[in-house]
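# Summary of structural features
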Amino acid sequence: MTLAEWIAQPINWFYLHFGVVTLFCAFRVVTTQNVVHGALYLVAALAGVAAQFLLLSAEFVALVLVLVYIGAVLVLFLFGIMITRAPTGMEARLDNDKKLPAAVLGVAVFLVSATVSVMSFGDAAIVQVGTPTDTASLAVGFIGRFVVPFEAVGFILLAALVGGIAVARRDLTPLEEEQRRAV
Amino acid sequence: MIASQFLVLSAALFGIGVYGLLVRRNAVIVLLSIELMLAAVNINLVTFEAMWRTAEAVGQLFSIFVITVAAAEVGIGLAIIIMIFRNRQSANVDELDLMRW
């Protein structure tokens, strides 16, 4: 497939548009000097990823991504940023001084996996563009063939959240304990 | 639409995540970079599902598993960061040398 043929498909314009937005926002997440801006750029990057999921006719996954990440996880991140009183304004140093080796490694990871992907799949087409995934088949998979992983993941989530509460909770000092008992 | 375009996008997202993971000092932004890498993995899973279309949409099922585990990881990670901040008044990963030999 030549580039002209590829550009001629209108769906690829959407891909390019959302892909550029995703990559720009992801790049800003790792370069911005403002912690809150980083979290908000992650919202935009993940919204771009959700748009790619819509192009790949994975509507349910896109909705889950928007609900769980943009709805819940990002609120958690913003709380974490505010509680740890990470400076919400500009700060002198958010990066360490190993930028060049890190950039080399990041580019190397990109080049290797992109090259391998293109070599393996070439221009293998995604055939059934626009046919939505039946959400019922997802449900059948969850409570049928993959019921054990499903339960395990639910248990992991419960254990992690209970553990998170236990870790982050502040124990009372003996004096405070005394005062509480007195009341 | 070809599969490679999504795989290349996912590789780029993963590379950006690796860079952020290595370069950032604030532990919360390190977690944000990990989220970027997990999003890249999800793009791969959903792309392969769109290519091969299994009856139970296995690729999409596993991307939802990844999202769930990522949510658990963020919860426990932020709890640890909050506790460390409370003990050491810092959330910078390069100042956490308590267990460094």
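Computed from a predicted model, the values in this text were never measured in an experiment. (Residues numbered from 1 in each chain as written. Chains lettered and ligands numbered in written order. Predicted model: local features only at pLDDT ≥ 70, side-chain atom pairs only at ≥ 80, totals over all residues.)

## Regarding the overall build of chain A
Note the following rule: The helix and strand labels rest on DSSP assignments: H or I over at least four residues marks a helix, E over at least two residues marks a strand, and numbering proceeds from the N terminus. To sort residues by exposure, count the other C-beta atoms lying within 10 Å of each residue's C-beta; 20 or more gives buried, 12 or fewer gives exposed, and values between give partly exposed, all with C-beta atoms placed from the backbone. Here the contact rule is simple: place C-beta atoms from the backbone, and any two residues whose C-beta atoms are within 7 Å are in contact.
A count of helices and strands for chain A gives eight helices and zero strands. The order of α-helices and β-strands along chain A, N terminus first, is α-α-α-α-α-α-α-α. Taken along its principal axes, the extent of the C-alpha atoms in chain A is 80 × 50 × 25 Å. The proportion of buried residues among the 183 residues of chain A is 26%. Expressed as a percentage of contacts within chain A between residues at least 6 apart in sequence, the contacts between residues at least 24 apart total 57%.

## Focus on the overall build of chain B
Under the convention used in this document: As a reference, a globule follows 2.2 Å times the number of residues to the power 0.38, and the radius of gyration itself is taken over C-alpha atoms.
When you go through chain B residue by residue, the secondary structure sums to three helices and zero strands. Written out in order from the N terminus, the α and β elements of chain B read α-α-α. Taking 2.2 N^0.38 as the reference for a compact globule, 101 residues should give roughly 13 Å; the C-alpha atoms of chain B span a radius of gyration of 17 Å, well beyond that estimate. The C-alpha extent of chain B, read off along each of the three principal axes, is 50 × 25 × 20 Å. When burial is assessed residue by residue, chain B has 63% of its 101 residues classed as buried. Across chain B, every contact between residues at least 6 apart in sequence was considered, and the portion connecting residues at least 24 apart equals 50%.

## Description of helix 5 (residues 99-121) of chain A
Heads up, the condition is: In this scheme, a helix's expected span is set at 1.5 Å multiplied by one less than its residue total.
With 23 residues, helix 5 of chain A should reach 33 Å at 1.5 Å per residue; the first-to-last C-alpha distance of 33 Å fits that figure. Within helix 5 of chain A, the full set of buried residues consists of Gly-106, Phe-110 and Ser-117 of chain A. Of the surrounding secondary structure, the elements contacted by the buried residues of helix 5 of chain A are helix 1 (3-23) of chain B. Where helix 5 of chain A terminates, the next one or two residues include Gly-122 of chain A, which has phi positive at roughly 50°.

## A look at the interface of chain B and chain A
We count it as follows: Each residue is assigned to one of three groups, with Ala, Val, Leu, Ile, Met, Phe, Trp, Tyr, Cys and Pro labelled nonpolar, Asp, Glu, Lys and Arg labelled charged, and all others, Gly among them, labelled polar.
On the chain A side, the residues contacting the 63 residues of chain B number 81 residues. With 21 residues, helix 3 (residues 58-88) of chain B is the single largest residue contributor to the side of chain B that touches chain A. Across the side of chain B that touches chain A, the residue classes tally to 45 nonpolar, eleven polar and seven charged.

## Digging into the domain arrangement of chain A
We count it as follows: An automatic or database domain assignment supplies the start and end points of every domain.
Its domain assignment divides chain A into domain 1 (3-94) and domain 2 (134-183). Computed over C-alpha atoms, the centres of domain 1 of chain A and domain 2 of chain A are 26 Å apart.

## Quick look at the nonpolar core
Most often, soluble globular proteins keep nonpolar side chains buried together rather than apart. This is how the line gets drawn: Each nonpolar core comprises buried Ala, Val, Leu, Ile, Met, Phe, Trp, Tyr and Cys residues, the members being joined through C-beta atoms within 7 Å.
Ranked by size, the top nonpolar core spans 77 residues in total, and within it Leu-65 of chain A together with Leu-13, Val-28 and Leu-36 of chain B carry the most contacts. The leading source of residues in this core is helix 2 (residues 27-52) of chain B, at 16 residues. Both domains that furnish three or more residues to this core are identified here as domain 1 (3-94) and domain 2 (134-183) of chain A. Beyond its immediate sequence surroundings of up to four residues, Leu-65 of chain A is in contact with Leu-46, Val-49, Ala-50 and Phe-53 of chain A together with Ile-67 of chain B.

## Digging into the environment of Val-23 of chain B
Residue placement: Val-23 of chain B occurs in helix 1. Overall, the presence of 24 C-beta atoms within 10 Å leaves Val-23 of chain B in the buried class. Between the alpha carbons of Val-23 of chain B and Ser-33 of chain B there is a distance of 10.0 Å; along the sequence they are ten residues apart. Leave out the neighbours within four places in its chain, and Val-23 of chain B touches Val-30, Asp-95, Asn-96, Lys-98, Lys-99 and Ala-102 of chain A.

## Side note on the packing of helix 4 (residues 59-83) of chain A against helix 2 of chain B
Put simply, the test is: Fitted lines through C-alpha atoms give the axes, limited to the stretch in contact for helices. The angle between two N-to-C directions lies from 0 to 180 degrees. The labels follow the angle: roughly parallel below 35 degrees, roughly antiparallel above 145, roughly perpendicular from 65 to 115, and oblique for the rest.
Interhelical geometry of helix 4 of chain A versus helix 2 of chain B gives an angle of 175° and a closest axis separation of 12 Å. The orientation of helix 4 of chain A with respect to helix 2 of chain B, classified from their angle, is roughly antiparallel. Across the interface between the two elements, Val-61, Phe-77, Gly-80 and Ile-81 of chain A of helix 4 of chain A pack against Val-28, Leu-32 and Val-46 of chain B of helix 2 of chain B. Among the residues forming the contact of helix 4 of chain A with helix 2 of chain B, the class breakdown is six nonpolar, one polar and no charged.

## A few points about unusual backbone geometry
All names here are of chain B. A positive phi angle, close to 50°, is found at Arg-53, a residue other than glycine. Within the secondary structure, Arg-53 is located in the loop between helix 2 and helix 3. Residue classification places Arg-53 among the partly exposed residues on the basis of 16 C-beta atoms within 10 Å. At Ala-57, a position not held by glycine, the phi torsion is positive, near 55°. Assignment of secondary structure puts Ala-57 in the loop between helix 2 and helix 3. Judged by local crowding, Ala-57 falls into the buried class, with 25 C-beta atoms found within 10 Å.

## Quick word on the confidence of the model for chain B
Low pLDDT means the predicted coordinates in that region are not meant to be read closely. Applied cut-off: The quantity known as pLDDT measures the predictor's confidence residue by residue, on a range of 0 to 100.
Of the residues in chain B, 100% have a pLDDT of 70 or more, and the chain-wide mean is 89. The secondary-structure element of chain B with the lowest mean pLDDT is helix 3 of chain B, recorded at 91, while helix 1 of chain B shows the highest, at 94.

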